[in-house]
Amino acid sequence: MKTELESKFELYKTPNWAIESIFKLYNPMGMNVLEPGCDTAPHCEIAKTLGATSTTGVDLRMVGNAMCDNFVNDDFLSMHHMPIFNMVSMNPPFSSSVQFVENALKCITSDGIIVCLQRLNWLSSVSRKEFWERRHLSSVHIFSRRPSFKGGPTDAQEYAYFVFRKRAGQNCILGWI
């Protein structure tokens, strides 16, 4: 059962193995990494251990144990003047995932990447059709093992990392992790 805080902010901690699996494909070494909606910043923490130059976490809530070099206590969706990053790695709230990706596209370098953990059914929706047709999606990496976001049993959803680039091609790569 969800707590009030989990329901309000859609908090689901990404398991370390899930983050490590996508960083094997997109290594953050030497990159400036941003994690919007970071909570305790697990993407930043692992990116740093893999050699990221700097890590920045952004969250609405002031999290005392955010494991990043820089923490910004703000609403990522309302930020207009963001530094530019090489990589954005995130597990955003499902209800505002499109807005998180669109804002992230504004703050990555021309060759930067966005890795976004979401349910696989994020691909299907009339309301998101226009978003998908913009062709920023570069690849989708489906989890062959379901992650648990609460440290216990998994739910009945399938998950994937969606990778976006400012200049993605016409074709999207599909893979499994």
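Residues numbered from 1 in each chain as written. Predicted model: local features only at pLDDT ≥ 70, side-chain atom pairs only at ≥ 80, totals over all residues. Heavy atoms only, no water.

Here we come to the side chain of His141. Tracing the sequence through the fold places His141 in strand β6 (residues 137-142). Judged by relative accessible area, which is 8%, His141 ranks as buried. Here Tyr26 takes part through its side chain, which lies 2.9 Å from a polar atom of the side chain of His141. In contact with His141, other than residues within four places in its own chain, are Ile22, Leu25, Tyr26, Ala160, Tyr161, Val163, Gly175 and Ile177. (Helix = DSSP H or I, 4+ residues; strand = E, 2+ residues; numbered from the N terminus. Buried < 20%, exposed > 50% of the residue type's maximum accessible area, 1.4 Å probe, protein only. Polar contact = N/O pair within 3.5 Å; in protein donor to acceptor, adjacent residues only side chain to side chain. Contact = heavy atoms within 4.5 Å.)

Moving on to the nonpolar core. Judged by nonpolar contacts, the single largest core of 26 residues is most densely connected at Phe76, Trp122 and Phe164. Mapped onto this core, the elements with two or more residues apiece are β4 (85-90), α4 (97-105), β5 (108-119), α5 (129-133), β6 and β7 (159-165). A total of 5 residues in this core trace back to one element, the largest contributor, which is α4. Other than its neighbours up to four places away in sequence, Phe164 contacts Val101, Gly112, Ile113, Ile114, Cys116, Trp122, Phe131, Trp132, His136, Leu137 and Ser138. (Core = buried A, V, L, I, M, F, W, Y, C linked by side-chain atoms within 4.5 Å.)

A few words on the state of the cysteines. On inspection of all chains with the given rule, the structure shows 0 disulfides. The closest cysteine sulfur to the non-disulfide-bonded Cys38 is located on Cys68, 5.2 Å from its own sulfur. For Cys38, a relative accessible area of 2% translates into the label buried. Summary of cysteine pairing: Cys68 is not part of a disulfide, and the nearest cysteine sulfur, belonging to Cys44, is at 4.8 Å. Relative accessible area serves as the criterion here: at 16%, Cys68 is assigned to the buried category. (Disulfide = S-S within 2.5 Å.)

It is the contact of helix α2 (residues 16-25) with helix α3 (residues 42-49), at a shortest axis distance of 10 Å, that shows an interaxial angle of 50°. Comparing their axes, α3 and α2 come out oblique. By crossing handedness, the relation of α2 to α3 is classed as right-handed. Contacts from Asn16, Ile19, Glu20 and Phe23 in α2 reach Pro42, His43, Ile46 and Ala47 in α3. (Axes fitted to C-alpha atoms, helices over the stretch in contact; angles between N-to-C directions. Parallel < 35°, antiparallel > 145°, perpendicular 65-115°, else oblique. Left-handed = near helix turned anticlockwise from the far one by under 90°.)

Take unusual backbone geometry next. Excluding glycine, residues mostly carry a negative phi; peptide bonds, for their part, are mostly trans. If you check the backbone angles, Asp39 has positive phi at about 55° while not being a glycine. Here Asp39 is to be found in the loop between β1 (32-36) and α3. Even without glycine at this site, Ala41 takes up a positive phi of about 65°. Position of Ala41 relative to the elements: it lies in the loop between β1 and α3.

Our next topic: the sheet that holds strand β2 (residues 54-59). Strand order across the open sheet formed by 8 strands is β3-β2-β1-β4-β5-β7-β6-β8, with mixed pairing between neighbours. If you trace the sheet from one side to the other, it starts and ends with β3 (70-73) and β8 (173-176), each paired once. Averaged over all neighbouring strand pairs, the angle between strand axes comes to 20°, with direction disregarded. Summarising the sheet, β6 and β8 pair through 4 bridges and their orientation is parallel. (Pairing = 2+ DSSP bridges.)

This part is about the confidence of the model for the chain. In this model, the chain carries a mean pLDDT of 86, and residues with pLDDT of at least 70 account for 86%. Predicted confidence for residues 1-9 stays below pLDDT 50, and this span has 13 contacts to residues more than four positions away or in other chains. (pLDDT = per-residue confidence, 0-100.)

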